[in-house]
Amino acid sequence: MRDTRESRLLLVLLIVIAFALITIDIRGGEDSPVDGARQAASAVFGPVEKGVSGAVDPVGNAIGAVRDSDTRHNRISALERENAELKQRLGSDSRNRSRVRQLDTMLQRAGAGQYGIKAAEVIGIGAAQGFSWTVTIDAGTRDGIKRDMTVLNGEGLVGRVTTVGPSSATVLLANDPDFTVGTRLEKTDELGFASGRGDRPLAVQMLNGKAKVKKGDRLVTFGSQADKPFVPGVPVGRVVRVDPSGGDLTRTVYVDPFVGFTKLDLVGIVVQAPRKDPRDAVLPTKPKPQPTPTVTVTATPPGTKPSGAPSGVPTGAAGAGDGDQE
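What counts, and where the lines are drawn
Residues numbered from 1 in each chain as written. Predicted model: local features only at pLDDT ≥ 70, side-chain atom pairs only at ≥ 80, totals over all residues. Heavy atoms only, no water. Core = buried A, V, L, I, M, F, W, Y, C linked by side-chain atoms within 4.5 Å. Buried < 20%, exposed > 50% of the residue type's maximum accessible area, 1.4 Å probe, protein only. Contact = heavy atoms within 4.5 Å. Helix = DSSP H or I, 4+ residues; strand = E, 2+ residues; numbered from the N terminus. Pairing = 2+ DSSP bridges. Salt bridge = Lys/Arg side-chain N within 4 Å of Asp/Glu carboxyl O. Axes fitted to C-alpha atoms, helices over the stretch in contact; angles between N-to-C directions. Phe/Tyr/Trp six-rings, centres within 6.5 Å; stacked < 30°, edge-to-face > 60°.

(A) Highlighting the nonpolar core. By size, the foremost hydrophobic cluster in this structure holds 45 residues, and its most contacted members are Y115, I137, L157, V161, L173 and I269. With sequence-adjacent residues up to four places away left out, L157 is seen in contact with T150, V151, A174, F179, V181, T221, F230, V234, P235, V236, V259 and F261.

(B) Region of the structure containing unusual backbone geometry. A cis amide bond links K228 to the next residue, P229, at an omega of 10 degrees. One can find P229 in the loop between β9 (218–221) and β10 (235–242). The phi torsion at Q114 lies on the positive side, around 60 degrees, for a residue other than glycine. Following the sequence through the fold, Q114 ends up in the loop between α3 (93–113) and β1 (116–125). Judged by its relative accessible area of 58%, Q114 falls in the exposed class. A positive phi angle, near 60 degrees, is found at A226, a position not held by glycine. Looking at the secondary structure, you find A226 in the loop between β9 and β10. Owing to a relative accessible area of 67%, A226 belongs among the exposed residues under this scheme.

(C) Spotlight on the pairing of strand β6 (residues 180–185). Counting buried positions over the six residues of β6 gives five, a clear majority of the element. In this sheet, strand β7 (residues 191–197) lies alongside β6 in antiparallel orientation, the contact comprising five bridges. When the sheet's bridge partners are listed, G182 is paired in β7 with F193. As paired elements, β6 and β9 share three bridges and run antiparallel to each other. Within β9, the position partnered with L185 by the bridge is L219.

(D) Focus on the environment of L103. Note that L103 resides in helix α3. Once the C-alpha coordinates of L103 and L266 are considered, the two residues, 163 residues apart in sequence, prove to be 7.1 Å apart.

(E) Inspection of the pattern of salt bridges at higher detail. Taken as a whole and judged by the stated rule, the model has 11 salt bridges. D265 is the partner of R99 in a salt bridge, and the nearest nitrogen-oxygen pair spans 3.0 Å. A residue pair is termed long-range when its members are at least 10 positions apart, and R99 in helix α3 and D265 in the loop between β11 (251–257) and β12 (266–272) qualify at 166 residues. Both residues of the pair, R99 and D265, count as buried. The salt bridge involving D243 is made with R241; its shortest N-O contact spans 2.9 Å. You can call R241 partly exposed: its relative accessible area is 42%.

(F) Spotlight on the sheet that holds β12. With antiparallel pairing, six strands are arranged side by side around a closed barrel as β1-β2-β5-β4-β3-β12. Geometrically, the sheet is characterised by an average inter-axis angle of 45 degrees between neighbouring strands, direction not taken into account. Of the strand pairs in this sheet, strand β4 (residues 157–164) and strand β5 (residues 169–173) are connected by five bridges, and their pairing is antiparallel. The residue bridging T163 from the neighbouring strand is T170, located in β5.

(G) Up close: the sheet that holds β11. Around the barrel, six strands lie side by side as β6-β7-β8-β11-β10-β9; this closed barrel has antiparallel pairing. Averaged over all neighbouring strand pairs, the angle between strand axes comes to 45 degrees, with direction disregarded. The pairing of β7 with strand β8 (residues 200–206) spans five bridges and is antiparallel. Bridging across to β8, R197 finds its partner in R200.

(H) Highlighting the packing of aromatic side chains. Applying the stated rule across the entire model yields one aromatic pair. Between the aromatic rings of F179 and F230, the centroid separation amounts to 5.4 Å while the plane-to-plane angle is 70 degrees, which identifies the pairing as edge-to-face. Taken together, the residues F179 in the loop between β5 and β6 and F230 in the loop between β9 and β10 connect sequence positions 51 residues apart. Judged by relative accessible area, which is 4%, F230 ranks as buried.

Laid out in structure tokens, this is it:
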């Protein structure tokens, strides 16, 4: 179209008509007089729009698929490299089997308690002088680890996280003298506080001085407010000695921890607490007591021939007397 006076007037007229129609449509609301025209236009141009969309969408989907495929390929390659590095770190086959058993047991414990855990490897130990019991693990803030998280393994409570770096963290072990955790006695629910004593059994101060505790009873963690530093239900240990109460308000029992603190390898940091207290569910099932075999001894009266004794052989005092008489 040429730029003439008539074309300019036509353009201005079309703009005025467009504004007039918009004004009428807005003021008319749902009863707008141009609603019929809008529906007619939708009926005419709707199929065209759908067809164009159908033609374009496969192209967009194909581009997205190629992009996602490339991302997945890169991710698979990264996982393959990580697996190769992990195999190198695991070492010999015998050590692999040992670690698989550790990991399997730990995952079973975590599953029983509904704990969300991050597995880590112990890569260093603290100085043992002055009863300082700590270990360093190869997981840190980059792995979602924070201070005051519970640490466990397949046997039970290991300790709690005290300091965290980007790729490592320090764990204070449960047998350290500066370590204290609230405990609950299996079945009876009697509460206490367990404290570390180095390589000796944990000392647990029971809040009830008249609590019925016996050797072999087991304890789990009571849990902390907001589950930090301790989540509930983690196995702590087994009672090995009970001090007499002596009429005190509290009494002390001594507990052999389930965890062997001198042979730690793989551990799990609880990054997600259970929705509800697992109570005693994480404790392993107690083995059934084996029946004690009994031996019956029957006394043989003098002069009585034992069963199975050969005939003609004198037995007992009477036989001996007969022989003397002969």
